[in-house]
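These are the residues of each chain, in order.
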Amino acid sequence: GENVEQHPSTLSVQEGDSAVIKCTYSDSASNYFPWYKQELGKGPQLIIDIRSNVGEKKDQRIAVTLNKTAKHFSLHITETQPEDSAVYFCAASIGGSASKIIFGSGTRLSIRP
Amino acid sequence: NAGVTQTPKFQVLKTGQSMTLQCAQDMNHNSMYWYRQDPGMGLRLIYYSASEGTTDKGEVPNGYNVSRLNKREFSLRLESAAPSQTSVYFCASRGGLAYTYEQYFGPGTRLTVT
């Protein structure tokens, strides 16, 4: 079955700097790659996603890149702010909107003032 | 729209007791999911339901059963709770008329088994 690995498990960056979180997936048939942000005591919330027919997607300070050949995808946050501090999860899915989604183990991002 | 709702928010059980976690969504989504999240770990899929009337095992189904009662509701049952089932449980849904891929999560149920 699908397996998703995520690195690093913790990340601390200076406010204003960039943060990068990387994930790899095992099943080459995966075609949907969402990223979630989880704040303390809340459920995960989608922040950006990418499908396998696209190599890069941006939304303001957030971007995701996908390398299908290497089965890697990454989250890039630029100009980090204190409110970016949270746990971030990558995930991968095969098939359409009815299929299961498998999550990485998470990255705890801390923004230093 | 309330989105995805879960009850209860907190629960303490003794080993061997049973309980059902309830989940409902009002977004007309076809698919629903149950995950567990242990401290410092990611979300692991317990069971999911691709559509009303179907259920499938996820990564960690042992010790759980599910029921897709109708399109809105998907319940998770622990028949004989064990301390290893202490966790935060999240319900999620996705896939509506717009064929959206986005998965929406509920607020979670924090379960402690003593």
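Use the structure listed above.
Residue numbers restart at each chain and count upward from 1, following the sequence in its written direction. Each chain is given a letter, starting from A, and each ligand a number, starting from 1, according to the order in which they appear as written. Whole-chain, interface and lining totals are the exception, using all residues; otherwise, since this is a predicted model, local features are given only for residues with pLDDT of at least 70 and side-chain atom pairs are given and counted only at 80 or more. With hydrogens and water stripped out, all remaining heavy atoms of the structure feed into the side-chain values.

Chemist: Explanation requested: the layout of surface pockets in the structure shown.
Modeler: Any space left empty among the atoms is revealed by the rolling of a water-sized probe across them. Cavity: a set of points on a 1 Å grid over the protein atoms alone where a 1.4 Å probe fits but cannot get out. Pocket: an open set with protein on both sides within 12 Å along at least five of seven lines, its lining residues, like those of a cavity, having an atom within 4 Å of a point. Grid points are joined across faces, edges and corners, and a volume is the space filled by probe spheres set on the points. The volume enclosed by the largest pocket comes to roughly 670 Å³. Together, 32 residues line the largest pocket, and Gln38, Leu40 and Gly41 of chain A together with Gln37 and Arg110 of chain B are the ones closest to its centre. Put simply, DSSP H or I for four residues or longer makes a helix, DSSP E for two residues or longer makes a strand, and each gets a number counted from the N terminus. Mapped by element, the contributors of at least two residues to the lining of the largest pocket are strand S9 (86-93) and strand S11 (107-112) of chain A together with strand S9 (87-94) and strand S11 (109-113) of chain B. With four residues, S11 of chain B is the single largest residue contributor to the lining of the largest pocket. Note on residue classes: Ala, Val, Leu, Ile, Met, Phe, Trp, Tyr, Cys and Pro are nonpolar, Asp, Glu, Lys and Arg are charged, and everything else, Gly too, is polar. Within the lining of the largest pocket, the residues separate by chemical class into 11 nonpolar, 15 polar and six charged. In this model, the second largest pocket occupies a volume close to 320 Å³. Lining the second largest pocket we find 19 residues, and of these Gly43, Pro44, Gln45 and Leu46 of chain A together with Phe105 of chain B sit closest to its centre. Counting only elements with at least two residues in the lining of the second largest pocket, the list comes to strand S4 (32-38) and strand S5 (45-51) of chain A together with strand S10 (103-105) of chain B. When the residues that make up the lining of the second largest pocket are grouped by side-chain class, the tally is nine nonpolar, six polar and four charged.

Chemist: Help me understand the sheet that holds strand S8 (residues 72-77) of chain A in this model?
Modeler: Within a sheet, each strand pairs with its neighbour through backbone hydrogen bonds, oriented either parallel or antiparallel. Residue and element names in this part refer to chain A. Pairing between two strands is assigned when DSSP locates at least 2 bridges connecting them. Taken in spatial order, the five strands line up as S1-S3-S8-S7-S6 in an open sheet, and their pairing is antiparallel. In the strand order of this sheet, the two ends are held by strand S1 (4-7) and strand S6 (56-59), each with one partner. Between one strand and the next, the sheet's axes are offset by a mean angle of 15 degrees, whatever the strand orientation. In the sheet, S1 pairs with strand S3 (residues 19-25) via four bridges, with the strands oriented antiparallel. Along S3, the bridge assignment pairs Glu5 with Thr24. Interaxial angle, 0 to 180 degrees, is taken between N-to-C directions of lines fitted to C-alpha atoms, where a helix line uses only the stretch in contact.

Chemist: Which parts of the structure should I look at to understand the interface of chain B and chain A?
Modeler: How big an interface is tends to be expressed through the accessible area that disappears when the partners come together. Whether two residues touch is decided by their heavy atoms; if any such pair falls within 4.5 Å, the residues are in contact. Facing 23 residues of chain B, the contacting portion of chain A comprises 22 residues. Once two parts are joined, some of their accessible surface, as seen by a 1.4 Å probe, is lost; buried area is that loss totalled over both. For the pairing of chain B and chain A, the buried interface totals around 1800 Å² over both sides, and the portion due to carbon and sulfur atoms is 56%. Ranking the residues of chain B by area buried against chain A places Leu43, Arg94 and Tyr101 of chain B at the top, with a combined share of 32%. We define a salt bridge as a contact between a side-chain nitrogen of Lys or Arg and a carboxyl oxygen of Asp or Glu at a distance within 4 Å. Between chain B and chain A we count zero salt bridges in total. What qualifies as a polar contact is a pair of N or O atoms within 3.5 Å, subject to a donor-acceptor requirement within protein and to the restriction that residues adjacent in sequence count only when both atoms come from side chains. Between the two partners, chain B and chain A, sit three residue pairs in polar contact (both at pLDDT 80 or more). The dominant element in the side of chain B that touches chain A, judged by the number of residues it contributes, is strand S4 (residues 31-37) of chain B, at four residues.

Chemist: Please explain the state of the cysteines as it appears in this structure.
Modeler: Disulfides are covalent bonds that link the sulfur atoms of two cysteine residues. Cysteine sulfur pairs qualify as disulfides if the two atoms are within 2.5 Å. For the structure shown, the criterion picks out two disulfides over all chains. Between the sulfur atoms of Cys23 of chain A and its disulfide mate Cys90 of chain A the distance is 1.9 Å. For the disulfide bridge between Cys23 of chain A and Cys90 of chain A, the dihedral angle about the S-S bond is near -100 degrees, and by the sign convention the bridge is left-handed. Linking Cys23 of chain A in strand S3 with Cys90 of chain A in strand S9, this pair joins segments that are 67 residues apart in sequence. Type-normalised accessible area, obtained with a 1.4 Å probe on protein chains alone, sets the label of each residue: buried when under 20%, exposed when over 50%, and partly exposed for intermediate values. In this structure Cys23 of chain A comes out as buried when scored by relative accessible area, which is 1%. Two residues, Cys23 of chain B and Cys91 of chain B, share a disulfide whose sulfurs are 1.8 Å apart. Here the disulfide of Cys23 of chain B and Cys91 of chain B is left-handed, its torsion about the S-S bond being about -75 degrees. Taken together, the positions of Cys23 of chain B in strand S3 (residues 19-25) and Cys91 of chain B in strand S9 put the pair 68 residues apart, joining distant regions of the chain. For the residue pair Cys23 of chain B and Cys91 of chain B, the accessibility class agrees, reading buried in each case.

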